[in-house]
Amino acid sequence: MTMSNKLSATSEQPQTMLYRMPEELRYIIPAKFLFGRQELNKNQRKIVALLLLQIKQWRDELYESDLINGKMSVTELSVDERRAHYNNFRPDPDTIPKHHLAVRFQQDIIKKMFGSIDYETHRIIGRALKGIMGRVVHEQDRDAAGKLVTKMYVIIPKAEISGGVLEILIDRDAAIKLIDHSKGYSDTDLSIWTELDGGYSQKLLEVISKNKRHVNGMTMSIEDFRFTFACDYKTYSRKDVEDAIKRGDDSVRYGDHVLKYNPKTEIFEKVPLYPRMQSLQHRVIEPAFQQLLSKSQGYWVATDKPEAEGAEPKGYELIRVKKKITGIRFCLKYVKNPVVKAIKEKKQEAKDESIPLLETMSPVMNSLAQTIIEVNKVSAILDVKQEQVNAWKLAIDSYLTTRKLIESMTDKPQPFFSNDVDEAIEKFYKYFKK
């Protein structure tokens, strides 16, 4: 990662890091970074995602350069031991600024994440920053003596966007927490995340991304699930806040728990969001898993057995003790290269049914070709949203991988190999592949 200044804990002024866009825009948002009712909308999540990716790049650079505790200190260990050492690496506290950490994102980064750098984008980013800066993060921990300590801070104490350049100050405690969350995370493809439009499915992706190697069979109690997915108690919405302001009540805060007086206990209690398990399953669990499986484009697959003939696997199993549902088991598997997996399945299918392999692959290749050709219709880059670029990239990668396999099998021209597709791929690399 390129930084304009090395981080230092001795400086009273924030140290500035110049963000460098990775070869592929990939990131993961921590599932438990924002405890309590700190839910973020899509654009707010993009801001936090940029910050986490920056912190992860910084941490990785420190790991490479730390001669005592970093990469060079474990060259004699096994691959698994080196991986564990990398995941557990924590930068020296002296490298972390005493106050705030400044990060600057240039126009190309803003355009990559938000699709453009026009006036409306400035407004969107401004609203997203306002939503994050207006919230306080509450954390509880124990000090060296075992005494309970409560910390309260904002993630972003100050931010400014001008001329398409975004500069953000990160609170030191927030930066440390982001470092912790970057440990062990497998980056999640942006094209998958942007396809998920449900908050619960996004949260599911966050939870399973850090546990890719062990998620299949991982269990979680229903209480932990409710808390992690922020669906345990009702909170004030933006409309609740607006209505309260109209009434002259300035005590209602967006995201705070709704409290209701209980005459039996004579105290104010939090109101459950989904008190019935059936509602939780139909409103949260089923939609989250269904959307993840349908929109992850083969990177995530379900491993559970369908409940009935002709039914689709769900990706989870509910754990019952007697008649009560007490937990949930994740039945998901991450596929590193779904294209290769699909090709192997097609090969086996063709072998089992004596069907020519090319015949089984033609529908898939024709579909990919039609998607790629859409690139030729692009007249202005700024009109293309990032989601569309991600979809084209995935289609092109799949197309080229499969085409290489087909060409190794036969030298006969195929109907899905055309000049239009080749021109579209060349145009894509010229305009969007940076």
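Here, every reference points to the structure presented above.
Residues numbered from 1 in each chain as written. Predicted model: local features only at pLDDT ≥ 70, side-chain atom pairs only at ≥ 80, totals over all residues. Heavy atoms only, no water.

Caption draft 1: How the structure looks around the overall build of the chain. A count of helical and extended segments in the chain gives 14 helices and 15 strands. Put simply, the chain has 434 residues, and 42% of those count as buried. Taking the contacts inside the chain whose residues are at least 6 apart along the sequence as the reference set, 67% of them involve residues at least 24 apart. Carbon together with sulfur atoms contributes 50% to the accessible area of the chain, which is approximately 24100 Å² in total. (Helix = DSSP H or I, 4+ residues; strand = E, 2+ residues; numbered from the N terminus. Buried < 20%, exposed > 50% of the residue type's maximum accessible area, 1.4 Å probe, protein only. Contact = heavy atoms within 4.5 Å. Areas by Shrake-Rupley, 256 points an atom, 1.4 Å probe, with all protein chains shown as cover.)

Caption draft 2: Summary view of the packing of helix α1 (residues 42-65) against helix α3 (residues 107-114). One way to put it is that α1 packs onto α3 with a least axis distance of 11 Å and a crossing angle of 135°. Judged by the inter-axis angle, α1 sits oblique to α3. Seen from above, α1 lies across α3 with right-handed handedness. Each of Asn43, Lys46, Ile47 and Leu50 in α1 lies in contact with α3, whose residues at this interface are Ile109, Met113 and Phe114. (Axes fitted to C-alpha atoms, helices over the stretch in contact; angles between N-to-C directions. Parallel < 35°, antiparallel > 145°, perpendicular 65-115°, else oblique. Left-handed = near helix turned anticlockwise from the far one by under 90°.)

Caption draft 3: The pairing of strand β13 (residues 316-321), seen in detail. Where β13 lies against strand β14 (residues 324-330), six bridges are found, and the strand directions are antiparallel. For leucine 318, the partnering residue across the bridge sits in β14 and is isoleucine 328. In this antiparallel pair of consecutive strands, β13 and β14, the connection spans two residues, and lysine 322 shows a positive phi of 60°. (Pairing = 2+ DSSP bridges.)

Caption draft 4: Representation of the sheet that holds β14 within the structure. Taken together, the three strands give an open sheet; going across it, the order is β9-β14-β13, and neighbouring strands pair in antiparallel fashion. The sheet is open, and its two borders are formed by β9 (219-221) and β13, each paired with just one other strand. The mean angle between the axes of side-by-side strands here comes to 30°, regardless of whether they run parallel or antiparallel. Bridge count between β9 and β14: three bridges; the pairing is antiparallel. Across the sheet, residue serine 221 finds its bridge partner in β14, namely glycine 327. Packing against the sheet, helix α10 (residues 277-295) makes contact with β13 and β14, and its axis sits at approximately 155° to β13.

Caption draft 5: Region of interest: the pattern of salt bridges. Inspection of the entire model under this criterion finds 10 salt bridges. Across the pair glutamate 167 and arginine 104 runs a salt bridge whose closest N-O atoms are separated by 3.1 Å. Of this pair, glutamate 167 sits in strand β7 (residues 165-171) while arginine 104 sits in strand β3 (residues 100-105), and the two are 63 residues apart along the sequence. Classification of arginine 104 by relative accessible area gives partly exposed; the value is 25%. Within the structure, one salt-bridge network assembled from shared partners comprises Glu120, Arg123 and Arg127. (Salt bridge = Lys/Arg side-chain N within 4 Å of Asp/Glu carboxyl O.)

Caption draft 6: A look at helix α7 (residues 199-209). Most of α7 is tucked away, with nine of its 11 residues classed as buried. Along α7, the positions that sit buried rather than exposed are Ser201, Gln202, Lys203, Leu204, Leu205, Glu206, Val207, Ile208 and Ser209.

Caption draft 7: Examining α1 more closely. Between its first and last C-alpha, α1 extends 35 Å over 24 residues, near the 34 Å set by a 1.5 Å rise per residue. Across the 24 residues that make up α1, a large majority, 19, are buried. (Expected span 1.5 Å × (residues − 1).)

Caption draft 8: Region of interest: the packing of aromatic side chains. In total, this model carries eight aromatic pairs according to the counting rule given. Put simply, the rings of Phe289, Tyr316 and Phe330 touch in pairs and so form one group of aromatic residues. (Phe/Tyr/Trp six-rings, centres within 6.5 Å; stacked < 30°, edge-to-face > 60°.)

Caption draft 9: View of the environment of phenylalanine 289. Here phenylalanine 289 is to be found in helix α10. Residue classification places phenylalanine 289 among the buried residues on the basis of a relative accessible area of 0%.

Caption draft 10: Layout of the environment of isoleucine 125. Looking at the element boundaries, isoleucine 125 is found in helix α4 (residues 119-133). Overall, the relative accessible area of 0% leaves isoleucine 125 in the buried class. Considered as a pair, isoleucine 125 and phenylalanine 114 are 11 residues apart in the sequence and their alpha carbons are 8.6 Å apart. Discounting chain neighbours no more than four positions away, the residues touching isoleucine 125 are Ile47, Ile110, Phe114, Ile161 and Leu166.

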